[in-house]
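Next come the chains, spelled out residue by residue.
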Amino acid sequence: MRLLLISAVFFLSSLLSFAQNNTIASGEKLTFSASYNMSGLLTELAQVTMETSAVKTSKSTLLKLKCTAATYSKWDSFFKIRDLYESYVSPKTLTPFLYNRDINEGGYKKFMKYKFDHKSKTVASLKRKKRRDGTDWEDKKTIKIDASTRDLVTTLYHIRNLDIHKASIGDSQNFTVLFDTKETVISLKYLSKETINTAIGKQECYKLAISIRNSNVLKGNNDNVIWLTADKNKIPVYAKFKIAVGSGELKIKSAAGLKH
Amino acid sequence: MKKLFIILGFVAAIIALILAVTPLSKIAYIPSIAALIFGVLVLYTAKNKGESKKSVQLIFLMTIIALALTTYKALFNTAEVGDTEQLEQKEEQLEEESLEELENLDIDEDL
């Protein structure tokens with residue numbers, strides 16, 4: 001049993017480190033609508049986009065993965081959110097090099113930057129926050145990371161790049177995510193295949209449950225589920241998150257520039 | 001009994017009105033329905049006594065206003081993103097900054 005486990009871990013980790021990107025192309029744009037659902041009464045909160053584009057430096061071409069969230073105008077006077085998460089990754093393997101997070105949530109502002117150094121397995125982080133009196137303060141750190149640690153945005157895209165068609169129902173895999181300068185383990189479980197209706201048509205989907213280890217945010221009892229289309233693009237079309245009263249939902253509105 | 005229903009009816013109607021004004025207006029349907037039920041219950045319990053029905057009328061009035069507002073909002077307000085100019089500016093600025101950083105980084109694409 002132990003031998004089986006070790007070999008499984010080894011197999012998975014080898015998959016992780018040499019996984020080729022066959023799913024994500026530059027110029028892809030996915031738009032979602034985030035809403036709050038209370039016993040069937042859906043209130044739309046914000047628009048979420050996931051975009052990719054090619055970025056050229058003098059030495060190489062990188063893929064820029066960008067996620068933004070912006071509240072709808074009716075919410076702006078109550079609680080305005082303008083979030084930006086982006087990651088610059090290798091187009092071949094989706095390995096992150098630079099990660100930026102710039103959030104503005106109801107006046108709370110924070111900026112985070114991670115620079116990945118894969119040779120020394122460290123991340124140089126920079127945190128910039130606004131003090132109450134309006135001045136900035138910075139916090140620089142160097143964090144030791146695991147070989148397979150990624151940032152949040154890259155992890156999202158990496159999940160899309162997994163060979164889910166090779167997995168069988170009930171399989172699970174762990175990912176290490178660097179968030180708020182801490183390594184967090186996210187667990188993904190393949191629940192089933194399901195056909196659901198979406199704004200981009202009827203889609204056969206992989207139903208995956210997400211949970212965060214040792215956290216109250218996303219608990220591990222299959223309450224937080226994400227549906228990825230069961231084709232080569234593996235677009236996230238629907239996600240559902242359980243919260244104290246009611247649930248949060250993320251529904252796709254449009255998808256453009258897909259690879260397959 | 002009647003008093004209890006009047007109080008509950010008022011509370012529900014006021015919650016419905018407050019919710020109807022906020023962007024969370026769709027949820028106002030829940031207290032609206034509760035207020036209507038309590039209103040009917042008040043009428044029912046006070047049927048034969050010939051008492052004043054002013055409070056019940058007020059409950060119904062508030063609930064109808066809340067329902068009208070909520071329905072109007074649900075039908076005519078579409079969800080649109082407000083101004084994202086700041087966000088776009090920030091994106092551009094960040095991309096410039098990041099490009100500079102990336103130039104200085106030692107990048108191995110096959111990693």
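None of these values were measured; they are calculated from a predicted model. (Residues numbered from 1 in each chain as written. Chains lettered and ligands numbered in written order. Predicted model: local features only at pLDDT ≥ 70, side-chain atom pairs only at ≥ 80, totals over all residues. Heavy atoms only, no water.)

A.B. asks: Honestly, the overall build of chain B in this entry has me stumped. Any pointers?
C.D. replies: Each helix and strand in chain B was counted, giving four helices and zero strands. Reading the helices (α) and strands (β) of chain B from amino to carboxyl end gives α-α-α-α. Relative to the 2.2 N^0.38 estimate, which gives 13 Å for 111 residues, the radius of gyration of chain B is 27 Å and therefore markedly larger than a compact globule would have. Its C-alpha atoms give chain B principal-axis dimensions of about 85 × 30 × 20 Å. Residue burial in chain B is summarised as follows: out of 111 residues, 32% are buried. Within chain B, contacts between residues at least 6 apart in sequence are counted, and of these 73% link residues at least 24 apart. If you sum the accessible surface of chain B, you get close to 7,000 Å²; carbon and sulfur atoms cover 62% of it. (Helix = DSSP H or I, 4+ residues; strand = E, 2+ residues; numbered from the N terminus. Rg over C-alpha atoms; globule rule 2.2 N^0.38 Å. Buried < 20%, exposed > 50% of the residue type's maximum accessible area, 1.4 Å probe, protein only. Contact = heavy atoms within 4.5 Å. Areas by Shrake-Rupley, 256 points an atom, 1.4 Å probe, with all protein chains shown as cover.)

A.B. asks: Before we go on, may I ask you to explain the packing of aromatic side chains in this structure?
C.D. replies: The relative placement of two aromatic rings is captured by the distance of their centres and the angle of their planes. All names here are of chain A. In this structure the tally under the stated criterion is six aromatic pairs over all chains. With a centroid separation of 5.7 Å and an interplanar angle of 80°, the aromatic rings of tyrosine 190 and tyrosine 206 are classed as edge-to-face. Taken together, the residues span a long stretch of sequence, with tyrosine 190 in strand E11 (residues 182-198) and tyrosine 206 in strand E12 (residues 201-212) at a distance of 16 residues. Each member of the pair, tyrosine 190 as well as tyrosine 206, is classed as buried. (Phe/Tyr/Trp six-rings, centres within 6.5 Å; stacked < 30°, edge-to-face > 60°.)

A.B. asks: Would you take a moment to explain the side chain of threonine 52 of chain A for this structure?
C.D. replies: All names here are of chain A. With respect to the helices and strands, the residue threonine 52 is situated in strand E2 (residues 41-56). Among the polar contacts listed, one links the side chain of threonine 52 to the backbone oxygen of alanine 25, at a separation of 2.7 Å. In this view, threonine 52 contacts Ile24, Ala25, Ser26, Gly27, Glu28, Lys64, Leu65 and Tyr157; residues no more than four positions away in its chain are not counted. (Polar contact = N/O pair within 3.5 Å; in protein donor to acceptor, adjacent residues only side chain to side chain.)

A.B. asks: How do you make sense of the interface of chain B and chain A when you look at a structure like this?
C.D. replies: Interface size is often expressed as the accessible area that is lost when the parts come together. At the interface, 31 residues of chain B touch 47 residues of chain A. When chain B packs against chain A, the two sides together hide about 3,600 Å² of surface, and 61% of this comes from carbon and sulfur. Counting the contacts that link chain B with chain A gives six salt bridges. A salt bridge links glutamate 101 of chain B to lysine 115 of chain A, with the nearest nitrogen and oxygen atoms 3.0 Å apart. Our count for the chain B to chain A interface comes out at 10 residue pairs in polar contact (both at pLDDT 80 or more). For the side of chain B that touches chain A, the secondary-structure elements that each account for two or more residues are helix H2 (29-45) and helix H4 (85-104) of chain B. With 11 residues, H4 of chain B is the largest single contributor of residues to the side of chain B that touches chain A. Counted by class, the side of chain B that touches chain A contains 14 nonpolar, four polar and 13 charged residues. (Buried area = accessible area lost by both parts, 1.4 Å probe. Salt bridge = Lys/Arg side-chain N within 4 Å of Asp/Glu carboxyl O. Nonpolar A, V, L, I, M, F, W, Y, C, P; charged D, E, K, R; others polar.)

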